[in-house]
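A closer look at the structure
Below, each chain spelled out in residue letters.
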Amino acid sequence: MIKDDCIFCKIANGVIPAQALYEDDQFKVILDRGPASKGHALVLPKKHFDNVFSMDEDYTGKVFTIAAKVARAINEEFGCDGMNILQNNNEAAGQTVFHFHMHIIPRYRDDKVNLVWEPGEITDGQIDEYAEAIRNRLKKQ
Ligand code: 5GP
Ligand code: ZN
């Protein structure tokens with residue numbers, strides 16, 4: 001349930017105090033200590049999951065509802081020009097704290113947040129092949 005050496009387990013469960021923006025029996029929402037922008041917040045489950053792949057459906061189903069609710073409040077309070085809601089899984093995807101968390105990143109015109117990527121290329125054949133492979137995986141889940 002709680003992992004001993006996990007900083008987000010400690011914060012989510014009150015072992016390390018933090019200003020909660022929102023809290024219920026399963027989640028705590030806090031401000032990021034190294035914010036990408038003003039109002040950058042993190043949605044933390046109180047139960048430890050390394051990432052989305054191991055997260056219980058009960059939690060995955062609720063996390064976006066909470067993120068959207070908090071995002072609306074941040075947006076209204078700070079008059080943001082936009083908002084990114086995202087989360088990283090594993091080191092290759094930029095994850096640095098290995099306890100699932102959803103980022104709420106307010107965007108402001110001319111801010112220095114950099115989340116862009118170069119559009120790649122895919123053939124019609126690859127789309128058919130990849131889609132079929134993923135559909136088959138989904139049937140096995
Ligand atoms: P990741 O790169 O894993 O998706 O994001 C980790 C985030 O956690 C970073 O944005 C980082 O600033 C934030 N962070 C790391 N340690 C702490 C902490 O002790 N308290 C808070 N509030 N945020 C933290
Ligand atoms: Zn944890």
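Figured I'd write up the structure that's included with this text. Computed from a predicted structure; not experimentally measured.

The rules behind these values
- Residue indices follow the written sequence of each chain, beginning from 1 at its first position.
- Labels follow written order: the first chain is A, the first ligand is 1, and so on.
- Only residues with pLDDT of at least 70 get local features here, since the model is predicted, and only at 80 or more are side-chain atom pairs given and counted; chain-wide, interface and lining totals rely on the full set of residues.
- Side-chain numbers here rest on the full set of heavy atoms in the structure, without hydrogens or water.
- The secondary structure listing takes helices from DSSP runs of H or I that are at least 4 residues long and strands from runs of E that are at least 2 residues long, numbered from the N terminus.
- By the convention used here, residues are in contact when the closest approach between their heavy atoms is within 4.5 Å.
- Throughout, near means a residue has at least one heavy atom within 4 Å of the molecule or strand.
- Between N or O atoms, a polar contact is any pair within 3.5 Å; within protein, one atom must be a potential hydrogen donor and the other a potential acceptor, and residues adjacent in sequence are included only when both atoms are from side chains.
- Each accessible area value is a Shrake-Rupley result obtained with a 1.4 Å probe; residue values ignore everything except the protein chains displayed when judging cover.
- Here a pair means two rings of Phe, Tyr or Trp (six-membered ring of Trp) with centres within 6.5 Å. Their orientation is stacked below 30 degrees between planes, edge-to-face above 60, and tilted elsewhere.
- A 1.4 Å probe rolled over the protein chains alone gives each residue an accessible area, and that area as a share of the maximum for its type sets the label: buried under 20%, exposed over 50%, partly exposed in between.
- Distances define the donors: N, O and S atoms within 2.8 Å of the metal qualify, as do those within 3.2 Å of Na, K or Ca. Water is excluded, so some sites may look unfinished.
- Sites are called tetrahedral only when four donors show all angles between 85 and 135 degrees, square planar or octahedral only when four or six donors show opposite pairs over 155 degrees and all other angles between 65 and 115, and irregular in any remaining case.
- Definition used for salt bridges: Asp or Glu carboxyl oxygen within 4 Å of a side-chain nitrogen of Lys or Arg.

1. Details of the environment of Ala-41
- Take Ala-41: it is sitting in strand E3 (residues 41–45).
- In this structure, the C-alpha to C-alpha distance between Ala-41 and Val-29, residues 12 residues apart in sequence, is 6.8 Å.
- In contact with Ala-41, not counting residues within four places along its chain, are Leu-21, Val-29, Ile-30, Leu-31, Asp-32, Ile-74, Met-102, His-103 and Ile-104.

2. Topic: the site of ligand 1
- Taken together, 16 residues lie around ligand 1, and Asp-32, Asn-88, Gly-94, Thr-96 and His-103 are the ones closest in.
- Gly-34 places a polar main-chain atom, nitrogen or oxygen, 3.4 Å from an oxygen atom of ligand 1.
- One of the backbone nitrogen or oxygen atoms of Thr-96 is found 2.7 Å away from an oxygen atom of ligand 1.
- Here ligand 1 loses 78% of its free accessible area of 520 Å² to cover by the protein chains.
- For the shell around ligand 1, the secondary-structure elements that each account for two or more residues are helix H1 (7–12) and strand E2 (27–31).
- Counting residues per element, the shell around ligand 1 draws most heavily on H1, which supplies three residues.

3. Some words on the packing of aromatic side chains
- With the rule as written, the count across this model stands at two aromatic pairs.
- Residues Phe-49 and Tyr-59 carry aromatic rings whose centres are separated by 5.1 Å and whose planes lie at 65° to one another, so their mutual orientation is edge-to-face. Of this pair, Phe-49 sits in the loop between E3 and helix H2 (57–78) while Tyr-59 sits in helix H2; the two residues are 10 residues apart in sequence, bridging distant segments of the chain. Taken as a pair, Phe-49 and Tyr-59 share a single burial class, namely buried.
- Among the aromatic side chains, those forming a connected cluster through ring pairs are Phe-27, Phe-49 and Tyr-59.

4. Section: the coordination of the zinc ion (ligand 2)
- Every protein donor of the zinc ion (ligand 2) is accounted for by Cys-6 (SG), Cys-9 (SG), His-48 (ND1) and His-99 (ND1), and the metal-donor separations fall at 2.0 to 2.3 Å.
- Here the zinc ion (ligand 2) is ringed by four donor atoms whose angles at the metal span 104 to 116°, and the overall shape comes out tetrahedral.
- Within one chain, the residues serving as donors to the zinc ion (ligand 2) are arranged as C-x2-C-x38-H-x50-H. Here Cys-6, found in the segment before H1, pairs with His-99, found in the loop between strand E4 (82–86) and strand E5 (102–107); they are 93 residues apart in sequence, far enough to count as distant. Taken as a pair, Cys-6 and His-99 share a single burial class, namely buried.

5. Quick look at the pattern of salt bridges
- Applying the stated criterion across every chain, the model contains six salt bridges.
- Lys-62 is the salt-bridge partner of Asp-58, the closest N and O atoms lying 3.1 Å from each other. A residue pair is termed a helical-turn pair when its members lie 3 or 4 positions apart in one helix, as Asp-58 and Lys-62 do in helix H2 at four residues.
- Using a relative accessible area of 34% as the deciding quantity, one classes Lys-62 as partly exposed.
- With its nearest N and O atoms 3.0 Å apart, the salt bridge here joins Glu-132 to Arg-135. In this pair, Glu-132 and Arg-135 are both assigned in helix H3 (residues 124–140), three residues apart and thus about one turn of the helix distant.
- Arg-135 sits in the partly exposed class, given a relative accessible area of 45%.

6. Let's talk about the side chain of His-101
- By the secondary structure assignment, His-101 is in the loop between E4 and E5.
- Given a relative accessible area of 6%, His-101 falls into the buried group.
- A distance of 2.7 Å separates a polar atom in the side chain of His-101 from the backbone oxygen of His-99.
- In this view, His-101 contacts Phe-8, Leu-42, Val-43, Leu-44, Gln-87 and Gln-95; residues no more than four positions away in its chain are not counted.

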